[in-house]
Amino acid sequence: MHFVIMGCGRVGSTLAKSLSNRGHDVAVIDVEPASFRRLGSSFEGMTVTGLGFDRDTLKAARITDAYAFAAVSSGDNSNILAARVARETFGVEHVAARIYDPGRAMVYERLGIPTVATVRWTADQMIQRLLPQGSVPALTDPSGRVVVAEVPLNRGWIGRRISEIEAATAARVAFITRLGDGMIPGADTVFQDGDHVSVAAATDDLARIEKTFDQPPPVH
């Protein structure tokens, strides 16, 4: 898959190398060409000098081919602006933005932009916003047989009850993060736009669950 990353600081370079090492195609955008040195000589992806919210710069980074876009520069406003351009102008479904002010998270979540606050940032957490979430489990039991992982749902699931979501895969929804707050859903809780769903499932079953949730629900 093709990923576009805005910002090649410590965060962006770590994210880019991690995705590249997983076999993905990566393009990194930064206004300072010298920043690309952080990627190292072994980085096989693309580098583009320019502003990450500039349409021509994004096109040069092949944003039209992107599975996901991550804005991890040093400015909150630039990150959110770039994330919105990627989603609203180029139709990139999977976007995430790094923010320095956690107080803004709720506002951005309402705009449909998942955010990761600096105070709790790790490369894994940003990857969890971009890739199928089981790739980086949040919790695994000592035997390795059971995992709690945040799994993305196709937008077609919006408006469906949690009971329907659980019935589709036989996985149990452990909790939902909505507008930055965690909640334990009931059977009648409705999945809303912007919700992050974490499921408890058998580790060996996670790939099947991800595949199911990546598709719209079946039509009855």
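See above for the structure.
Now for a look at the structure at hand.

Criteria and cut-off values
Residues numbered from 1 in each chain as written. Predicted model: local features only at pLDDT ≥ 70, side-chain atom pairs only at ≥ 80, totals over all residues. Heavy atoms only, no water. Buried < 20%, exposed > 50% of the residue type's maximum accessible area, 1.4 Å probe, protein only. Helix = DSSP H or I, 4+ residues; strand = E, 2+ residues; numbered from the N terminus. Right-handed = clockwise from strand over helix to strand, strands pointing away. Expected span 1.5 Å × (residues − 1). Pairing = 2+ DSSP bridges. Core = buried A, V, L, I, M, F, W, Y, C linked by side-chain atoms within 4.5 Å. Phe/Tyr/Trp six-rings, centres within 6.5 Å; stacked < 30°, edge-to-face > 60°. Polar contact = N/O pair within 3.5 Å; in protein donor to acceptor, adjacent residues only side chain to side chain. Contact = heavy atoms within 4.5 Å. Arc of directions from axis to C-beta.

**Some words on the pairing of strand β4 (residues 68-71)**
Moving on, step 1. Across the two faces of β4 the burial is the same, with A68 and A70 and F69 and A71 all buried.
Moving on, step 2. Note that the unit made of β4, helix α3 (residues 76-89) and strand β5 (residues 94-99) has a crossover that is right-handed.

**Quick notes on helix α1 (residues 10-21)**
Moving on, step 1. The end-to-end C-alpha distance of α1 is 16 Å, a good match for the 16 Å that 12 residues give at a rise of 1.5 Å each.
Moving on, step 2. Looking at α1, one finds that the buried residues are V11, G12, S13, L15, A16, S18 and L19.
Moving on, step 3. Looking at the residues trailing α1, positive phi occurs at G23, about 95 degrees.

**What about the pairing of strand β11 (residues 196-202)?**
Moving on, step 1. For β11, the buried fraction is high: five of the seven residues fall into the buried class.
Moving on, step 2. Note: strand β8 (residues 146-150) against β11, five bridges, orientation antiparallel. Along β11, the bridge assignment pairs E150 with S198.
Moving on, step 3. Both strand β9 (residues 172-178) and β11 contribute to a ladder of five bridges, which runs antiparallel. Across the sheet, residue I176 finds its bridge partner in β11, namely V197.

**A word on the sheet that holds β11**
Moving on, step 1. If you walk across this open sheet you meet the five strands as β7-β8-β11-β9-β10, and the pairing is antiparallel. Edge positions in the sheet fall to β7 (139-140) and β10 (181-183), since each has one partner strand and no second.
Moving on, step 2. Relative to β10, β9 runs antiparallel, the two being bridged by three bridges. What sits directly across from I176, in β10, is M183.

**Regarding the nonpolar core**
One broad trend across soluble globular proteins is that nonpolar side chains are buried collectively.
Moving on, step 1. Within the largest apolar cluster, 23 residues are counted, with the highest numbers of intra-cluster contacts made by V4, L58, I63, F69 and V92.
Moving on, step 2. Elements with a contribution of two residues or more to this core: β1 (2-6), β2 (25-30), β4, α3 and β5.
Moving on, step 3. Ranked by residue count, the leading element in this core is α3, at five residues.

**Notes on the packing of aromatic side chains**
Moving on, step 1. Summed over all chains, the structure comprises two aromatic pairs.
Moving on, step 2. Ring centres of F3 and Y67 lie 5.9 Å apart, and the angle between their planes is 65 degrees; this geometry places the pair in the edge-to-face category. Of this pair, F3 sits in strand β1 while Y67 sits in the loop between α2 (55-60) and β4, and the two are 64 residues apart along the sequence.
Moving on, step 3. You can call F3 buried: its relative accessible area is 1%.
Moving on, step 4. A ring pair is formed by W157 and F213, whose centres lie 5.7 Å apart and whose planes are at 85 degrees; its orientation type is edge-to-face. With W157 in the loop between β8 and α6 (162-169) and F213 in helix α7 (residues 206-213), the pair connects residues that are 56 residues apart, well separated along the chain.

**Quick notes on the side chain of S13**
Moving on, step 1. Within the secondary structure, S13 is located in helix α1.
Moving on, step 2. Its relative accessible area of 4% is what places S13 among the buried residues.
Moving on, step 3. A distance of 3.2 Å separates the side chain of S13 from the backbone oxygen of R10, its partner in a polar contact.
Moving on, step 4. In contact with S13, not counting residues within four places along its chain, are G7, C8, R38 and L39.

**Things to note about α7**
Moving on, step 1. Considered for burial, the residues of α7 that qualify are L206, I209, E210 and F213. When α7 is viewed along its axis, its buried side chains cluster within an angular range of 100 degrees and face the same direction. Of the exposed residues in α7, the ones pointing more than 90 degrees away from its buried face are A207 and K211.
Moving on, step 2. Along its buried surface, α7 packs onto β8, α6 and β11.

Coordinates in, geometry out; function isn't part of it.
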